[in-house]
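Working through the structure, step by step
Given next are the chains, with one letter for each unit.
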Amino acid sequence: MQLTIVTDLNKCVGCKSCQVSCKEHNTSGAYGPVPDAHPRADVDGMWWNRIVTMESGAYPNTSVMYLPKACMHCYDAPCVPVCPTGASYKREDNGVVLIDYDSCIGCQLCMWACPYGVREFDEEEGVVKKCTLCIDRLEDESLPEVERQPACVQSCPTHARTFGDLDDPTSEVARLVSTRQGFGLLPELGARPSVHYLPRRPEPPRVDKETLEKVMAERYE
Amino acid sequence: MKPAPQLLVLTLGQGLAGGMTASVGFLASIGGLNHRLALLLLGAALFCAILGGGASFFHMHHFSAARYILRRLKTSWLSREALTTGLFGGTLFLLTVATVWGRLALNSPLYIALAWLVTFFGLVAIFVTAMLYASIPAMLSWHSPVTVLNLLAVGLLGGSGWGGFFGMVEHGPSGQLAAAVAIFLVVTGAVKAFQWHVFSLARHRIRATTGFGLPFAPYRLQDSGTTRAPYRTQTQVHPVISDGLRLRMAVVTAIFLTVLPIVLVILSQIAAEWGWMLGAAISITLGSIFERWLFFADATHSSRVFFADEPREASRVAEPVMRGRLS
């Protein structure tokens, strides 16, 4: 079993609700693993899920795309074998990559080994932290079945994110990846990320160059 | 990335200690070792090893977990580094004690064998530390065999430089020591030049088109998720140094690490004065510090692609607007 998230880049509107809901769920006041001791003074603190915004295409056909980026829970997670204490590990039963904070020495070697820059160092506790795929929610039997999924998936207003078992060929995530050419980031580095993205469909130009230049001339010249 | 002072001290101390121990082995093999010279070299090597070991200890941020450091010997180069560096430090200490004790003839086969054994442990420790950096594919600048060659060469150069100085002060075989320093100077210069080329290639691999796996181009990164990139919580994406600073540091490193020492070593042989060799050893040490700073500060990590470090290009969408304003 390999639990994962598939994000449809056509549906993601960059609202960052997944980024915020991740922080909200995992901070949980003073007891959560994500440090948020000085939220106003330190707005750039730790985030386990970041929405990267890209402007793509060439003038005049440009567009903006959003890429939610959290731990990829790689099949060959490079952060796991480099850890000297075994604090970073990959669960055999569901494929989630986790960190045991009690045995992490804070050497940050796993941060170097991760190709995606999704591991963050907690200076106060002296350990490295990252997305857990909301493992506490997945295994909380007090929650209704429908809520046993990561906070970022549940909060997505456009249903751009789908959660499931990638190793199960009948699952929705496996179907999306196989039928819509889902891809992983930085494949040349060999980590085999389980988190996949569905490619954007090319959109026909909505405005031609002459019209655009005419409008620009009317407004600015 | 952001150079951590502890890692600078660790790698430099370990390299110097390994190099100085190699000098002891070399001098013992050619029969040029006297008691004071051995004590000076081993004492200096032990000092550097302790400095490096102490620095590596303080690179940890969660000391209570240090007892688990050897758990992943099978896969983790950091686990192996803790073991091999400890082994090197321990055997170096025992060799120093045996030398102070003075019962062992310095030119005896047993002492020579012990000196080379400790040297072997030292070289293994440097190799393992270098592999720690070289085996990380995401560290694009370091993921190359040149990293291993570089750390070994700089360590041996630094150690032989101080070996040459102590050898001249204690009337050892200065000509052979100077020849060894000269060989390491040439080798280190060549390796360093090749490594800077590898660093340059790594910098050019960081393009948004590879990081996002998308067919359209070009891309311009607008926002990395928060108001700025996570430079504090992710030190590996620390802003890349400017071209000017990189060039200045490379020139300073080349001068101190190779050019100036070559001149000083030649002068030391012409004038037969140890002062010139002292200058060469100090110059090599300073050059090693600059080299190591640049090694860490100029390293390119693959995740930079997501954090706005690609050279910025002005958006062509704004061109008509700007043109209108200018006219």
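Cut-offs used in this document
- Residues numbered from 1 in each chain as written.
- Chains lettered and ligands numbered in written order.
- Predicted model: local features only at pLDDT ≥ 70, side-chain atom pairs only at ≥ 80, totals over all residues.
- Helix = DSSP H or I, 4+ residues; strand = E, 2+ residues; numbered from the N terminus.
- Contact = placed C-beta atoms within 7 Å.
- Buried ≥ 20, exposed ≤ 12 C-beta atoms within 10 Å, placed from the backbone.
- Axes fitted to C-alpha atoms, helices over the stretch in contact; angles between N-to-C directions.
- Parallel < 35°, antiparallel > 145°, perpendicular 65-115°, else oblique.
- Left-handed = near helix turned anticlockwise from the far one by under 90°.
- Nonpolar A, V, L, I, M, F, W, Y, C, P; charged D, E, K, R; others polar.
- Pairing = 2+ DSSP bridges.
- Core = buried A, V, L, I, M, F, W, Y, C linked by C-beta atoms within 7 Å.
- Expected span 1.5 Å × (residues − 1).
- UniProt positions renumbered as here; feature names shortened; annotations may be inferred.
- pLDDT = per-residue confidence, 0-100.

**Regarding the overall build of chain B**
In terms of regular secondary structure, chain B is built from 10 helices and one strand. In chain B, the succession of α and β elements from N to C terminus is α-α-α-α-α-α-α-β-α-α-α. A principal-axis box enclosing the C-alpha atoms of chain B has dimensions of 85 × 50 × 25 Å. Nonlocal contacts in chain B, meaning residues at least 24 apart in sequence, comprise 78% of its contacts between residues at least 6 apart.

**Focus on the overall build of chain A**
Counting secondary structure elements, chain A contains seven helices and nine strands. Here chain A, with 221 residues, has 47% of them falling under the buried criterion. For chain A, restricting intrachain contacts to residue pairs at least 6 apart in sequence, the fraction spanning at least 24 positions comes to 58%.

**Let's talk about the packing of helix H3 (residues 77-101) of chain B against helix H4 (residues 109-134) of chain B**
Residue and element names in this part refer to chain B. At a closest axis distance of 8 Å, the pairing of H3 and H4 adopts a crossing angle of 155°. Comparing the axis directions of H3 and H4 gives the class roughly antiparallel. In this structure, H3 meets H4 at a crossing whose hand is left-handed. Note on element contacts: H4 touches H3 through Leu114, Ala115, Leu117, Val118, Phe121, Gly122, Val124, Ala125, Val128, Thr129, Met131 and Leu132, opposite Trp77, Leu78, Arg80, Glu81, Thr84, Thr85, Leu87, Phe88, Thr91, Leu92 and Leu95. Of the residues belonging to the contact of H3 with H4, the class tally is 16 nonpolar, five polar and two charged.

**Quick word on the sheet that holds strand S9 (residues 196-198) of chain A**
Residue and element names in this part refer to chain A. The three strands are arranged S8-S1-S9 in an open sheet whose pairing can be described as mixed. The open sheet has two edge strands, strand S8 (161-165) and S9, and neither has a second partner. Averaged over all adjacent pairs, the angle separating strand axes in this sheet is 25°, with direction ignored. Bridge count for strand S1 (residues 3-8) against S8 is five bridges, and the pairing is antiparallel. Note that in S8 the partner of valine 6 across the bridge is threonine 162. The sheet strands contacting helix H6 (residues 172-179) are S1, S8 and S9, and the helix crosses S8 at an angle near 110°.

**Considering the nonpolar core**
By size, the foremost hydrophobic cluster in this structure holds 155 residues, and its most contacted members are Cys79(A), Cys110(A), Ala113(A), Val24(B), Leu41(B) and Ala45(B). The contact partners of Cys110(A), leaving out residues within four places of it in the chain, are Cys79(A), Val82(A), Cys83(A), Ser88(A), Arg119(A) and Val128(A).

**Some words on the interface of chain A and chain B**
Taken together, the contact pairs 55 residues of chain A with 54 residues of chain B. Breaking the side of chain A that touches chain B down by element, the ones donating at least two residues are strand S2 (50-58), strand S3 (61-69), helix H2 (79-82), helix H3 (109-113), strand S6 (120-122) and helix H7 (209-220) of chain A. Of the residues belonging to the side of chain A that touches chain B, the class tally is 34 nonpolar, 13 polar and eight charged.

**Focus: unusual backbone geometry**
For residues besides glycine, phi is generally negative; the peptide bonds are generally trans as well. Residues and elements named next belong to chain A. Phi is positive for leucine 186, which is not a glycine, with a value near 45°. Its place among the elements puts leucine 186 in the loop between H6 and S9. Phi is positive for arginine 192, close to 50°, though the residue is something other than glycine. Along the chain, arginine 192 turns up in the loop between H6 and S9. By C-beta crowding, arginine 192 is classed as partly exposed, having 13 other C-beta atoms within 10 Å.

**As for helix H5 (residues 145-169) of chain B**
Residues and elements named next belong to chain B. With 25 residues, H5 extends 37 Å between its outermost C-alpha atoms, agreeing within 8% with the 36 Å of an ideal straight helix rising 1.5 Å per residue. Burial within H5 is extensive, with 22 of its 25 residues counted as buried. Of the residues trailing H5, histidine 171 is marked for its positive phi of about 60°.

**So, the environment of Pro5(B)**
As for its placement among the helices and strands, Pro5(B) is situated in helix H1 (residues 5-29). Expressed as a C-alpha distance, the spacing of Pro5(B) and Thr85(B), which sit 80 residues apart in the sequence, is 18 Å.

**Re the packing of H1(B) against H4(B)**
Packed helix pairs are specified by the crossing angle of their axes together with the interaxial distance, meaning the distance between the axes. All names here are of chain B. For the pair H1 and H4, the least separation of the axes is 8 Å and the interaxial angle reads 155°. As summarised for this structure, H1 and H4 are arranged roughly antiparallel, according to the angle between their axes. For the pair H1 and H4, the crossing hand works out as left-handed. Each of Thr11, Gln14, Gly15, Ala17, Gly18, Thr21, Ala22, Val24, Gly25, Ala28 and Ser29 in H1 lies in contact with H4, whose residues at this interface are Tyr111, Ile112, Ala115, Trp116, Val118, Thr119, Gly122, Leu123, Ala125, Ile126 and Thr129. Looking at the contact of H1 with H4 residue by residue, the classes come out as 12 nonpolar, 10 polar and no charged.

**Thoughts on H1(B)**
Residues and elements named next belong to chain B. Here H1 is 25 residues long and its end C-alpha atoms lie 36 Å apart, about the 36 Å a rise of 1.5 Å per residue gives. With respect to burial, H1 is a largely interior element, 20 of its 25 residues being buried. Downstream of H1 by one or two residues, glycine 31 has phi in the positive range, about 75°.

**Comments concerning the UniProt feature "transmembrane region" (unreviewed entry) in chain B**
Residues and elements named next belong to chain B. Under the UniProt annotation, "transmembrane region" (unreviewed entry) lies at residues 37-61, 82-104, 110-134, 146-165, 177-199, 249-268 and 274-295. The span residues 110-134 carries 100% helix and 0% strand; its end-to-end C-alpha distance comes to 35 Å. Helix makes up 100% of residues 249-268 and strand makes up 0%, while its end C-alpha atoms are separated by 27 Å.

**Some thoughts on the confidence of the model for chain B**
Here chain B averages 88 in pLDDT, and 90% of its residues register 70 or above. Both confidence scores are given for the complex: pTM 0.89, ipTM 0.87.

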